[in-house]
There are 2 protein chains.
Amino acid sequence: MAAYTPPLDDMAFVLHDVLAVHDSPLPGYADLDRAFTAAILDEAGRIARDVLAPLNATGDRQGCRLENGTVRTPEGFRRAFELLRAGGWTSIDCDPAYGGQGLPYVLHAAVGEMHSAANMAFAMYSGLTHGAYTAIHAHGSDAQKAAYLPKLVTCEWTGTMNLTEPHAGTDLGLLRTRAEPQSDGTHRITGQKIFISAGDHDLAENIVHLVLARTPQAPAGVKGISLFIVPKYLPNPDGTLGERNALSVGKLEEKMGIHGNATCVMNYDGATGWLLGPENAGLKAMFTMMNEARAQVGMQGLAQAAGAYQLAAAYARERLQGRAIPPADPASPADPIIAHPDIRRLLLDQKAFVEGARAFALWSATLIDAHMRAGDEAADGLVSLLTPVVKGFLTDKGFEATVQAQQVFGGHGYIEETGISQFVRDARIAMIYEGANGIQALDLVGRKLGQDGGKPIMAFFDLVKSFIRENESDDRLKAPFLDPLKAASKDLQSAAMFFMQNMKTPNAALAGSSDFLHLFGHTCLGFMWARMAKAALAADTDFSRAKLATGRYYMARQLPATALHLARIQSGADPVMSLPADAF
Amino acid sequence: MAAYTPPLDDMAFVLHDVLAVHDSPLPGYADLDRAFTAAILDEAGRIARDVLAPLNATGDRQGCRLENGTVRTPEGFRRAFELLRAGGWTSIDCDPAYGGQGLPYVLHAAVGEMHSAANMAFAMYSGLTHGAYTAIHAHGSDAQKAAYLPKLVTCEWTGTMNLTEPHAGTDLGLLRTRAEPQSDGTHRITGQKIFISAGDHDLAENIVHLVLARTPQAPAGVKGISLFIVPKYLPNPDGTLGERNALSVGKLEEKMGIHGNATCVMNYDGATGWLLGPENAGLKAMFTMMNEARAQVGMQGLAQAAGAYQLAAAYARERLQGRAIPPADPASPADPIIAHPDIRRLLLDQKAFVEGARAFALWSATLIDAHMRAGDEAADGLVSLLTPVVKGFLTDKGFEATVQAQQVFGGHGYIEETGISQFVRDARIAMIYEGANGIQALDLVGRKLGQDGGKPIMAFFDLVKSFIRENESDDRLKAPFLDPLKAASKDLQSAAMFFMQNMKTPNAALAGSSDFLHLFGHTCLGFMWARMAKAALAADTDFSRAKLATGRYYMARQLPATALHLARIQSGADPVMSLPADAF
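All residue numbers refer to positions counted from 1 along the written sequence of the respective chain. Each chain takes a letter, starting from A, and each ligand takes a number, starting from 1, following the order in which they are written. Totals for whole chains, interfaces and linings use every residue, but because this is a predicted model, local features are given only for residues with pLDDT of at least 70 and side-chain atom pairs only at 80 or more, for both listing and counting. Note that water and hydrogens are dropped before the side-chain values are worked out from all heavy atoms of the structure.

*Asks:* Any chance you could break down the relation of the copies chain A and chain B for me, citing the residues and the numbers?
*Replies:* The copies are overlaid by a least-squares fit using only the C-alpha atoms of residues whose pLDDT is at least 70 in both copies. For the match of chain A to chain B, the screw axis carries a shift of 0.0 Å, the RMSD comes to 0.0 Å, and the turn is 180°. Taken together, the turn and the small shift mark the pair as related by a two-fold rotation axis. Looking at the rotation axis and the C-alpha trace of chain A, the residue lying nearest is L564 of chain A, at 3.3 Å.

*Asks:* Lay out the packing of helix 1 (residues 8-18) of chain B against helix 2 (residues 34-52) of chain B with the relevant residues and their values.
*Replies:* All names here are of chain B. Geometry is summarised by axes, namely lines fitted to C-alpha atoms with helices restricted to the contacting stretch, and by angles between N-to-C directions that run from 0 to 180 degrees. Each helix corresponds to a stretch of at least 4 residues labelled H or I by DSSP, and each strand to a stretch of at least 2 residues labelled E; elements are numbered beginning at the N terminus. Running from N to C, helix 1 and helix 2 cross one another at 145°; their axes reach a closest spacing of 11 Å. The handedness of the crossing between helix 1 and helix 2 is right-handed. Taken together, the residues of helix 2 that come into contact with helix 1 (itself represented by L8, M11, A12, L15, H16 and D17) are R34, T37, L41 and D42. Residue classes follow a fixed rule: Ala, Val, Leu, Ile, Met, Phe, Trp, Tyr, Cys and Pro count as nonpolar, while Asp, Glu, Lys and Arg count as charged, and any other residue, Gly among them, counts as polar. Its residues assigned to classes, the contact of helix 1 with helix 2 shows 5 nonpolar, 2 polar and 3 charged. If you view the pair so one helix is near and one far, a crossing is left-handed when the near helix is turned anticlockwise from the far one by less than a right angle, and right-handed when it is turned clockwise. Any two residues whose heavy atoms approach within 4.5 Å are treated as being in contact.

*Asks:* Give me the interface of chain A and chain B: which residues, what numbers.
*Replies:* Taken together, the contact between chain A and chain B spans 88 residues of the former and 88 residues of the latter. Here's the idea: put two parts together, see how much 1.4 Å probe accessible area each one loses, and the total over both is what we call buried area. Carbon and sulfur atoms make up 60% of the surface buried where chain A meets chain B, a total of about 7400 Å² over both sides. It is Y414, R557 and F584 of chain A that lose the most area in chain A upon contact with chain B, and together they represent 13% of the buried surface on that side. Should a side-chain nitrogen of Lys or Arg be within 4 Å of a carboxyl oxygen of Asp or Glu, the pair is scored as a salt bridge. Across the chain A-chain B interface, the total number found is 4 salt bridges. Here K251 of chain A makes a salt bridge to E417 of chain B, at a shortest N to O gap of 2.5 Å.

*Asks:* How would you summarise unusual backbone geometry if you had to cite specific residues and measurements?
*Replies:* Glycine aside, residues mostly have negative phi, and peptide bonds are mostly found in the trans state. For the peptide bond that leads from I325 of chain A to P326 of chain A, omega is -10°, which places it in the cis range. Inspection of the secondary structure assignment puts P326 of chain A in the loop between helix 8 (282-318) and helix 9 (341-374). Here the phi dihedral of A198 of chain A falls at roughly 60°; this positive angle occurs in a residue that is not glycine. The topology assignment puts A198 of chain A in the loop between strand 5 (187-197) and strand 6 (206-213). Buried, partly exposed and exposed residues are distinguished by accessible area as a fraction of the type maximum, computed with a 1.4 Å probe on protein chains only: under 20%, between the cut-offs, and over 50%, respectively. Classification of A198 of chain A as buried rests on a relative accessible area of 0%. Of note, I258 of chain B is a non-glycine position whose phi angle comes to about 35°, a positive value. Its location among the elements puts I258 of chain B in the loop between strand 10 (247-252) and strand 11 (263-275).

*Asks:* How would you sum up the pairing of strand 11 (residues 263-275) of chain A? Please name residues and give values.
*Replies:* Residues and elements named next belong to chain A. Judged by how many residues are buried, strand 11 sits mostly within the fold: 10 of 13 residues are covered. Where strand 5 meets strand 11, 9 bridges bridge the pair, whose relative direction is antiparallel. Among the inter-strand pairings, G191 is bridged to a residue of strand 11, identified as Y268. With 2 bridges connecting them, strand 7 (residues 226-231) and strand 11 associate as antiparallel partners. Criterion used throughout: strands pair if DSSP finds at least two bridges between them.

*Asks:* Talk me through the environment of G398 of chain B; I want residue IDs and the actual numbers.
*Replies:* On the secondary structure map, G398 of chain B appears in helix 10 (residues 377-408). Taking the C-alpha atoms as reference points, G398 of chain B and F353 of chain B, separated by 45 residues in sequence, lie 7.9 Å from one another.

*Asks:* Talk me through the nonpolar core; I want residue IDs and the actual numbers.
*Replies:* Soluble globular proteins tend to bury their nonpolar side chains together. In plain words, nonpolar cores are sets of buried Ala, Val, Leu, Ile, Met, Phe, Trp, Tyr and Cys residues tied together by side-chain atoms within 4.5 Å. Core analysis: the largest hydrophobic core is formed by 187 residues, its most contacted members being L210, L347, F360, W363, F460, F516 and F520 of chain B. Of the residues forming this core, the biggest block, 19 residues, is contributed by helix 8 (residues 282-318) of chain B. Not counting residues up to four positions away in its chain, the partners in contact with W363 of chain B are L19, L382, L386, F460, L463, F527, M528 and R531 of chain B. Counting residues in each nonpolar core, the second largest holds 185 residues, with A53, A293, V390 and W529 of chain A among its members.

*Asks:* Help me get a handle on the packing of helix 1 of chain B against helix 9 (residues 341-374) of chain B, residues and values and all.
*Replies:* Packed helices, taken two at a time, are described by the angle their axes make and the gap between the axes. Residue and element names in this part refer to chain B. In the contact formed by helix 1 and helix 9, the axes pass within 10 Å of each other and the chain directions differ by 45°. Regarding the angle of helix 1 to helix 9, the classification is oblique. Handedness of the helix 1/helix 9 crossing: right-handed. Contacts from D10, M11, V14 and L15 of helix 1 reach helix 9 at E355, R358, A359 and L362. Counted by class, the contact of helix 1 with helix 9 contains 5 nonpolar, no polar and 3 charged residues. Convention used here: angles under 35 degrees read as roughly parallel, angles over 145 as roughly antiparallel, angles from 65 to 115 as roughly perpendicular, and any remaining angle as oblique.

*Asks:* Hey, could you go over the pattern of salt bridges for me, with residue numbers and the actual values?
*Replies:* If charged atoms from side chains of opposite charge come close, those side chains can pair. Going through the model one piece at a time under the given rule, you end up with 64 salt bridges over all chains. Between R178 of chain A and E180 of chain A there is a salt bridge; the shortest N-O distance is 3.4 Å. What makes E180 of chain A partly exposed here is its relative accessible area of 33%. The shortest N-O distance in the salt bridge between D10 of chain B and K547 of chain B comes to 2.5 Å.

*Asks:* Just give me the short version of the confidence of the model for chain A, but keep the residues and values in it.
*Replies:* A residue's pLDDT is the predictor's confidence in that residue, given on a scale from 0 to 100. Within chain A, residue pLDDT values average 96, and 100% of them lie at 70 or more. Our summary of model confidence lists the complex with pTM equal to 0.98 and ipTM equal to 0.98.

*Asks:* Can you explain the environment of I40 of chain A? Please cite residues and give values.
*Replies:* All names here are of chain A. Inspection of the secondary structure puts I40 in helix 2 (residues 34-52). In this structure, the C-alpha to C-alpha distance between I40 and L107, residues 67 residues apart in sequence, is 8.3 Å. With residues near it in sequence (within four places) discarded, I40 still touches W89, L103, L107 and V111.

*Asks:* Help me get a handle on the packing of aromatic side chains, residues and values and all.
*Replies:* Here a pair means two rings of Phe, Tyr or Trp (six-membered ring of Trp) with centres within 6.5 Å. Their orientation is stacked below 30 degrees between planes, edge-to-face above 60, and tilted elsewhere. For the coordinates displayed, the defined rule picks out 28 aromatic pairs over all chains. Pairing F460 of chain A with F520 of chain A gives two aromatic rings, centres 5.0 Å apart and planes at 65°, and the pair type is edge-to-face. Of this pair, F460 of chain A sits in helix 13 (residues 455-471) while F520 of chain A is found in helix 16 (residues 513-537), placing the two residues 60 residues apart along the sequence. As far as burial versus exposure is concerned, F460 of chain A and F520 of chain A are alike and both buried. The structure contains a cluster of three or more aromatic residues connected by ring pairs, namely F360, W363, F460, F461, F467, F498, F499, F516, F520 and F527 of chain A. Positioned over the ring face of F399 of chain B is R428 of chain B, at 5.6 Å from the centre of the ring. Only when the NZ atom of a Lys or the CZ atom of an Arg is both within 6 Å of the ring centre and within 35 degrees of the ring normal do we say a charge sits over the ring.

*Asks:* Please provide a residue-by-residue account of a nonpolar patch on the surface, values included.
*Replies:* Exposure above 30% relative accessible area and no salt bridge define the residues that can form patches, which grow by joining like charges within 9 Å and nonpolar side chains of Val, Leu, Ile, Met, Phe, Trp and Tyr within 5 Å. Accessible areas in this description were obtained via Shrake-Rupley with a 1.4 Å probe; residue shielding takes into account the shown protein chains only. There is a patch of nonpolar side chains on the surface, built from M497, M500 and M503 of chain A and spanning about 360 Å² of accessible area. Mapped onto the elements of the fold, M497 of chain A is located in helix 14 (residues 475-501).

*Asks:* Explain the pairing of strand 7 (residues 226-231) of chain B residue by residue, including any values.
*Replies:* All names here are of chain B. Counted residue by residue, strand 7 has 6 buried out of 6 residues, so it is predominantly covered. Across 6 bridges, the pairing between strand 6 (residues 206-213) and strand 7 is antiparallel. Its bridge partner lying in strand 7, V211 is registered against F228.

*Asks:* Hey, could you go over the environment of S116 of chain B for me, with residue numbers and the actual values?
*Replies:* All names here are of chain B. By the secondary structure assignment, S116 is in helix 5 (residues 105-118). Once the C-alpha coordinates of S116 and D31 are considered, the two residues, 85 residues apart in sequence, prove to be 25 Å apart. When sequence neighbours within four positions are dropped, the list of residues in contact with S116 reads A123, Q300, A303 and Q304.

Set out below in structure tokens:
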């Protein structure tokens, strides 16, 4: 049941027919001709299919074990991690100055979807390392970069993010971990961090913890938080490993899913740490990592949906049960359940989401490249606006899609043997970590919407409007794709307008924030589907006809959700705020 | 974390202030004055809180074990089952001729919610037994009733339903288990059944399997299925247990949840069985049991949501994180998260669902009483129409509510220690078993909607219209409750009309069947909320004010979903049917 088929045709379609990466003037994109991206993605897909997917159930069943203070990963994870390293899959978009391949981020993102779909718990070890790489690359001193980046690029060492404490999750201003400055320029870190993914394991010789803590004179709240590099083993000046740092695994958590990834309580008992970036500016530095992590987590939502959908579609083609109208196979005692309308509905909800989300995630990735490689500030503004949507919408809907995939299996879906339950259980975390989706909605409505005088959201509306204007004369697009997109975009504008008109009652916006995130997400996927439809119309193949049919499904049956979200938003603060806390 | 508070005030409100059971002319309802129902529910709630809830996590963690062919239930289950039996909780509404208490079914349903909320896996053992009791009571010979009912009423023996086979789940016409008639009037049953809940265990001395099988000359398909009583131990004429029957547990399934209930593969190797009801009419007999089981499963969806909601609300009152606008507690470093609009949204979605669903389930239960106790055929028609809605809507939405409850916990929700993940994992099965929710939708649209010339659905619309008409002059009800209810009811009528206008393309109805079920479910809950609002307006207490605020939330933020479901239904068959099966 662990079979995984890399979505190579669909990725090629999105990258080349929709996003036209091969025509982009962005630095590094000149390499991205069809043959090149196909070669990379084909090989990455092979690893996903042949190496990672077969270990997915193993990881779930065996989980990680804490033995004498060290975490042991499930059977086969070490060997797979070595293969990942040996193939250079950890360094695709990393800086060549530190051993990276310097390819565009969009390729890293596409590879990330496949590896995460095949084995999410496994892919997190290198995913978090990439985040640590990004934070040190952006904020580290030359010496820090030289000491850590080459090791992180190759995943000889892996990385973690240490934010949460038992009493401080979303509200990092409450955190208490202390950092005492030492005469040698280091700090001694003391405190407890929880929910540390990949906090310990046996896949790498060293683990580089990035830890948020307070220095003695730090101001209260979020303005007094600094970021520290706290390695498991202190590196010697020559790059070899020195003594063990004063940190340990307090506990390995038992979780609903991602059993193959070690979620640790980490205890820091006067551990040696080095300040990363300026004192008291740790949250900003950590957010460099968080934004990337959020995009990755959105990709996990999509990836789990994609993996689960494949299993469900395969099962629906094989499982014979009941009679369709007209019978699909009169010679057989029953029809494959894929012939039944309600099973098709379940599958099309998943398929239309997965393909729309894939285009959305890869489009966002090209915007990240535009900012990182060409300093495009407008692209950065747009990415900043879209990041909470990518994270929140793709993980909420991705989880829903895994639940729908499980439903296709009927009773067999509830049995662990089938493998589909793992996708549901694994996908569930993505709605929670790296900022629970409610926090994404708060970020979107409270910060990103009004950011830079509203320029990014206006830029988004302009993109949609221009696309509609340019293609309105094409009847094949207008009624099935552009009209619904226009309606969705209008709902999104009405919602934004409602928030602006109610600026004096912030709770009116906050009460509608999650609905706004979903309204925005649907509009983005509607936009993507309109763009994909246009690209699909350029050909007349089985692929393009399927693409158009799937797109019409999204526009007809999913996109109308924008009106419901708008109605909820416009109901304002009162329905949400009027019940006293003790009456719940 | 396993704390459970029985919703006694809310049940009393629904039973007496909304449904006025104490004023009902139905046989047996004269007993149901407030003091009597309070005494019963208080004691049932005490068992739920003090006995069953503390075993919920134990059951999940330990699961069942198969030892030498016999299933061992988790620690404490035996003792709790004895308490259940001793208190008479298994026989509330059973026939006094066989040792039952003869109380109305509505009381059994209310008790069932609490026991299921406290420990769903445990409550299934007696729940399935009640189903077996019902089937034998309705279809058994006098001798069969005398031999089995007294034992099932007390749960000295428990019952199971054996329908599914590896290749035959939804499509029972495909089943292959054989029943060979013997000269002594018995049959020899041979075949394999899967997903048999409570298939074996150590809670009772005997297990009465009701097994669907085919006799040698049976016609093909569903018209050739007969139902058999196949006990684990053959009863002697004096009621003592005789020899072990030729049946065994082939396997104990590893599942996503309900670990405390034994889901078994059952092998019948020439086991002795007795025909229950006429030959070849087994499906009809089994459906007596299935309809009751479906109502119970709908109750499980509600119950899991209710249990999860309680944990989430308690956590949200305690957990301090972030600042609300205005601050809820300026003296503390942070506010309880229940002060934040998006957390309130999550909680109110759950609370408004749970209370609306409770009223809906108990109202349906009174209709079952009206049919069973007073032969009210109109009530039976309505129950028959509403059963797929109770099962499908309450389990889909109940599951969603548990996911929302988990989300309130943030990262702590993903850790098994917190206990909330179990509600999500347990609730998931309710969308699948006793007919997956897609089958409920098919039953609703394909059978129930047109049943008896459409009388039941017209009766439903009449009830809603009359209620609106009678109360429209009350301004406190009109805008917040009656107008939204009228809009929802209109959407439901438009959807029914769309199906009638498209009778020649059945796939248009089937493609919209799940949306119709949800549209119907929302309308039912909207109707219940309008009725509850009316009842709440008769008092001015904290309880009634909270009830009204919760109801306004449902009408403003949940009920508008009917328009989305209608839009999807009206998009017809084409979006769902046009993609070829091999293009998925």
